[in-house]
Amino acid sequence: MSEKIRIFSYLPNPRVWKSLITGRLGRVKVKVLGDKPKNLVDWLWDFDAEKLSNLELDDIKHFERQGKRGFKGSLYKTDSFLEKHPFGTVPAGFNNDGSIGIFESNSIMRAVARSSNVTSLYGDNDPYLQSRIDSFLDANLVFSREFQVYVLELKSLNDQFYNRMKAAYSFYIGGIENALSTGKFISGSYLTIADISFVCDVAQFLRERDRRTIINEQGYEIISKNFEKDFPKSHKHLMNLYNKDDFQKFMKGYLDGILT
Ligand SMILES: N[C@@H](CCC(=O)N[C@@H](CS)C(=O)NCC(=O)O)C(=O)O
């Protein structure tokens, strides 16, 4: 199988798993480059991303930029990287020769699905079914953006901020619960990328349970405390998919001690 999509990111990253799981199910080769989050400051962010020594980093001072979201301090992003990735974020996806940049993990996953012959993953070439899947992906992005801020600011919670996250959580999972009342899968009767993004993002959100102490110390309760009871269909769907081989290949151990 020849490489179809390349992704540069910090690793492991549930946002990258979306594409990897889709690639595995759709038999599309996805190449991943990257390193632990703290090591990405020593990398040249590019289609041909590589780890550099301190000496080499000194030589490319002209590529130095300040981290804007999630990263603090200097990062080294090439001009070409920023041309392909105007928001400068990872995961950063590319087509196989690097001439096209694809950003936002849901869009990278969509690119993988579109490159696949397994059309059921993304609406069987039906524009309306595809758009319905997009609707779930948009709702998922709103939720995941809220929890990205929540996780980054977890040490300085306040009522307004906390309640906003709580509302975003209830809204998204509430919608998924309703969807699962009528279909076996989120967008209908078979698995699509709407299910894959749901599993990866909600699993990541549930990891707030690891941060219980820090949340409790500020006088708040973990938001997902009653997930299993309040959203039984979503819980069951998440666990069913999480336990499948195609998901376990990348997510193994991620929910240990978090969810049963
Ligand atoms: N919604 C985006 C999130 C991407 C994002 O915000 N990435 C952050 C790290 S979590 C980043 O690359 N920041 C680069 C910077 O700080 O300059 C996705 O799903 O891909």
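Up top you'll find the structure we're talking about.
All values reported here derive from a predicted model rather than from experimental measurement.

Draft legend 1. Here's a closer look at the site of the ligand. Contacts to the ligand come from 16 residues, most closely from Lys68, Arg69, Val90, Glu104 and Ser105. Residue Arg69 places a main-chain N or O atom 2.7 Å away from an oxygen atom belonging to the ligand. Notes on the ligand: free accessible area 520 Å², of which the protein chains cover 95%. Here the ligand occupies the largest pocket. For the shell around the ligand, the secondary-structure elements that each account for two or more residues are strand 6 (74-77) and helix 5 (127-152). Looking at the shell around the ligand residue by residue, the class counts come to six nonpolar, five polar and five charged.

Draft legend 2. Structural context of the pattern of salt bridges. Tallying each qualifying case throughout the model produces twelve salt bridges. The closest approach of N and O atoms between Glu64 and Lys61, which form a salt bridge, is 3.3 Å. For Glu64, a relative accessible area of 26% puts it in the partly exposed group. Classification of Lys61 by relative accessible area gives partly exposed; the value is 45%. If you follow the salt bridges from partner to partner, you end up with Glu3, Arg6 and Asp48 in one network.

Draft legend 3. Region of interest: the nonpolar core. Tyr150, Met165, Tyr169, Val202, Phe227 and Met251 are the most contacted members of the largest nonpolar core, which totals 64 residues. If you list the elements that add at least two residues to this core, you get strand 1 (3-10), helix 1 (14-26), helix 4 (105-114), helix 5, helix 6 (159-182), helix 7 (193-206), helix 10 (232-242) and helix 11 (245-251). Mapped onto the domain boundaries, this core takes at least three residues apiece from domain 1 (3-114) and domain 2 (123-251). Among residues more than four places away in sequence, those in contact with Tyr169 are Phe143, Gly174, Phe205, Ile223, Ser224, Phe227 and Phe231.

Draft legend 4. View of the side chain of Lys84. Mapped onto the elements, Lys84 comes out in helix 3 (residues 79-84). The exposure class of Lys84 is buried, given its relative accessible area of 16%. Once residues within four sequence positions are removed from consideration, Lys84 is found in contact with Phe94, Gly98, Ser99, Ile100, Gly101 and Phe103.

Definitions and limits used
- Residues numbered from 1 in each chain as written.
- Predicted model: local features only at pLDDT ≥ 70, side-chain atom pairs only at ≥ 80, totals over all residues.
- Heavy atoms only, no water.
- Near = heavy atom within 4 Å.
- Polar contact = N/O pair within 3.5 Å; in protein donor to acceptor, adjacent residues only side chain to side chain.
- Areas by Shrake-Rupley, 256 points an atom, 1.4 Å probe, with all protein chains shown as cover.
- 1 Å grid on protein atoms, 1.4 Å probe; cavity = no way out; pocket = protein on both sides within 12 Å on 5 of 7 lines; lining within 4 Å.
- Sits in = over half its atoms within 2 Å of the grid points.
- Helix = DSSP H or I, 4+ residues; strand = E, 2+ residues; numbered from the N terminus.
- Nonpolar A, V, L, I, M, F, W, Y, C, P; charged D, E, K, R; others polar.
- Salt bridge = Lys/Arg side-chain N within 4 Å of Asp/Glu carboxyl O.
- Buried < 20%, exposed > 50% of the residue type's maximum accessible area, 1.4 Å probe, protein only.
- Core = buried A, V, L, I, M, F, W, Y, C linked by side-chain atoms within 4.5 Å.
- Domains from an automatic or database assignment.
- Contact = heavy atoms within 4.5 Å.

Everything listed here is a matter of coordinates, which is why it stays silent on function.
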